[in-house]
Amino acid sequence: KNSNMGTNGYVKLMGGLGIYSQSKNNVDGNFGRFVPSFIINHRKGKINWYADYSYNFNEDFDNDIFIRKIDSNTITQHSFIPIQYFRHSYRTGIDIYLNKNNVIGLLYQGFNNVQKTNGIVNSSNMLVSGSTINIDTFQTKTDQRITNVSNAINFNWKHKFDSTGKELNMDLDY
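The structure reproduced in this document is the subject of the present report. (Residues numbered from 1 in each chain as written. Predicted model: local features only at pLDDT ≥ 70, side-chain atom pairs only at ≥ 80, totals over all residues. Heavy atoms only, no water.)

**A word on the pattern of salt bridges**
Right, on to step 1. Scanning the model with the defined rule gives two salt bridges in all.
Right, on to step 2. Between Asp52 and Arg91 there is a salt bridge whose closest N-O contact spans 2.8 Å. Taken together, the residues span a long stretch of sequence, with Asp52 in strand S3 (residues 47–70) and Arg91 in strand S4 (residues 73–99) at a distance of 39 residues.
Right, on to step 3. Note that Glu167 and Lys158 form a salt bridge whose closest N and O atoms lie 4.0 Å from each other.
Right, on to step 4. For Glu167, a relative accessible area of 40% gives the class partly exposed.
Right, on to step 5. The class for Lys158 is partly exposed, based on a relative accessible area of 31%. (Salt bridge = Lys/Arg side-chain N within 4 Å of Asp/Glu carboxyl O. Helix = DSSP H or I, 4+ residues; strand = E, 2+ residues; numbered from the N terminus. Buried < 20%, exposed > 50% of the residue type's maximum accessible area, 1.4 Å probe, protein only.)

Structure follows, in structure tokens:
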């Protein structure tokens, strides 16, 4: 929100790339991030309208090695799970200046997040008693999609009682 009259805003682009040595880090690939966003504000007379939107694409991974020893058995597990995040966040609102002492506002905001995983867990069960014998080997695959959505509405009112700065603020949220 801005007290200047007229229209103003900005556009922002961010990005990044993680480059990994596959042989050194046991990682399959390189991972990036892309985050465009914008904000706009328009104020004319007693009305102020504002909005912003941001998108976040992010690639990440989970790379784990577990070695479990139970009696004479050793279980070795290696998992590599790439993760992709797709996030949208948005907000728009309006403030109406009824007079010098009263402002009412309405705000709508929310987000939509999607997380995708697609990875493989390699497991080996070894018997160790003098020499190492591979009892069995198996592979499990994970393929998952998680979606989170949240939206909210806010009504607000601000009243200034006098020039000493005393105020009453009220917010109703849903």
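**Some details on the packing of aromatic side chains**
Right, on to step 1. Applying the stated criterion across every chain yields a total of four aromatic pairs.
Right, on to step 2. On the basis of an interplanar angle of 35° and a centroid distance of 5.0 Å, the ring pair of Phe31 and Phe61 is categorised as tilted. With Phe31 in strand S2 (residues 31–44) and Phe61 in strand S3, this pair connects stretches of sequence that are 30 residues apart.
Right, on to step 3. Under the relative-accessibility criterion, Phe31 is labelled buried at 10%.
Right, on to step 4. Pairing Phe57 with Phe86 gives two aromatic rings, centres 5.2 Å apart and planes at 45°, and the pair type is tilted. Pair noted here: Phe57 is in strand S3 and Phe86 is in strand S4, with a separation of 29 residues, a long-range link. (Phe/Tyr/Trp six-rings, centres within 6.5 Å; stacked < 30°, edge-to-face > 60°.)

**Describing the side chain of Asn156**
Right, on to step 1. As for its placement among the helices and strands, Asn156 is situated in strand S6 (residues 131–160).
Right, on to step 2. Among the polar contacts made by the side chain of Asn156, one reaches the side chain of Asn154 at a distance of 2.8 Å.
Right, on to step 3. Each residue touching Asn156, except ones within four places of it in the same chain, is listed here: Asp95, Val103, Ile104, Gly105, Leu106, Met170 and Asp171. (Polar contact = N/O pair within 3.5 Å; in protein donor to acceptor, adjacent residues only side chain to side chain. Contact = heavy atoms within 4.5 Å.)

Everything listed here is a matter of geometry and, on its own, says nothing about what the molecule does.
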